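# Observations on the three-dimensional arrangement
Chain residues, written in single-letter form:
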Amino acid sequence: MEYYNYLKSLHLIFVITWFAGLFYIVRLFVYQIEAHGKTSPAREILSDQYKIMTKRLWYIITWPSAILASIFAFWMIFFTDVGSVWLQQPWMHVKLVFVFLLYLYHLKCHQIYRQLQNDQIKYSSNFMRLWNEGATLILFSVVFLVILKNAVNWIYGVIGIILFSVMLMIGFKMYQRIRTKNGL
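Residues numbered from 1 in each chain as written. Predicted model: local features only at pLDDT ≥ 70, side-chain atom pairs only at ≥ 80, totals over all residues. Heavy atoms only, no water.

## Some details on a nonpolar patch on the surface
Where we set the bar: Here a patch means residues that are over 30% exposed by relative accessible area and free of salt bridges, tied together within 9 Å if like-charged and within 5 Å if nonpolar (Val, Leu, Ile, Met, Phe, Trp, Tyr). Here the accessible surface of atoms and residues is derived via Shrake-Rupley with a 1.4 Å probe, and residues count as covered only by protein chains that are part of the display. Think of a salt bridge as a Lys or Arg side-chain nitrogen and an Asp or Glu carboxyl oxygen that are within 4 Å of each other. Only DSSP runs of H or I covering at least 4 residues are called helices, and only runs of E covering at least 2 are called strands; the numbering of each starts at the N terminus.
On the surface, Tyr3, Tyr6, Ile67, Ile71, Phe74, Trp75, Phe78 and Phe79 cluster together into a nonpolar patch covering about 910 Å² of accessible area. Those elements giving two or more residues to the nonpolar patch turn out to be helix H1 (3-35) and helix H2 (42-79). Here the nonpolar patch gets six residues from one element, more than from any other, and that element is H2. Along the chain, Ile67 falls in helix H2.

Now the structure itself:
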């Protein structure tokens, strides 16, 4: 049973590095998209550099972290006594839904990554700034679920996530106005 804490520690470390990769990759997408609006030779120099940076981040940090976080999670859930207890808890079912959403988010980021590697710009930098908040919402939801272990009180949780989303949108709009005003 002592090894459970090692599994949990490794799981948490790789969850943190996975989220770090997801947060940074989308920020790099913003820079990559904005580089396409520059004139030559800056466009080519920046685009090439961002492609290298995103490839390294994606395949050296983000994907391995996602896989290792999942391996340690499955190990804890299916091969320890504690895991079988957690799996019977309603909050864990909700957490697993958020983990599924996180993988969908990750896969969409992978699709965007591949498009940008092929110089296909399908989204604006402003869209990417908003997209970056998706991982933030999932992170908040999972952390509160794991710490509070309360999946029953949906009303407060839903209201909290909606209010948090509204605050993010207001913050984004204010940031967008400041950037426009300053000519950035």
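Here the narrative resumes.
## Concerning the pattern of salt bridges
Put simply, the test is: Exposure categories follow from relative accessible area, calculated using a 1.4 Å probe and restricted to protein chains: below 20% of the type maximum is buried, above 50% is exposed, and the middle band is partly exposed.
Throughout the structure, instances matching the rule amount to three salt bridges. Salt-bridge contacts for Arg129 lead to Glu34; the nearest nitrogen and oxygen are separated by 2.9 Å. Here the residue Arg129 occupies a position in helix H5 (residues 125-148), and Glu34 occupies one in helix H1, the gap between them amounting to 95 residues. Taking relative accessible area as the criterion, Arg129 reaches 6% and is therefore assigned buried.

## Notes on the packing of H1 against H2
Pairs of packed helices are described in terms of their axes, by the angle between the two and the distance that separates them. So the rule is basically this: In this analysis, axes come from line fits to C-alpha atoms, helices being fitted only over the stretch in contact, and the angle between any two N-to-C directions falls in the range 0 to 180 degrees. Angles are sorted into four bins: roughly parallel if under 35 degrees, roughly antiparallel if over 145, roughly perpendicular if 65 to 115, and oblique for all others. Here a crossing is taken to be left-handed if its near helix is turned anticlockwise relative to the far helix by less than a right angle, and right-handed if that turn runs clockwise. Residues were grouped as follows: Ala, Val, Leu, Ile, Met, Phe, Trp, Tyr, Cys and Pro as nonpolar; Asp, Glu, Lys and Arg as charged; and all remaining residues, including Gly, as polar.
Contact geometry for H1 and H2: axes closest at 7 Å, N-to-C directions at 155 degrees. Here H1 lies roughly antiparallel to H2, going by the angle between them. Viewed along their axes, H1 and H2 form a crossing whose handedness is left-handed. A class-by-class count of the residues in the contact of H1 with H2 yields 27 nonpolar, eight polar and three charged.

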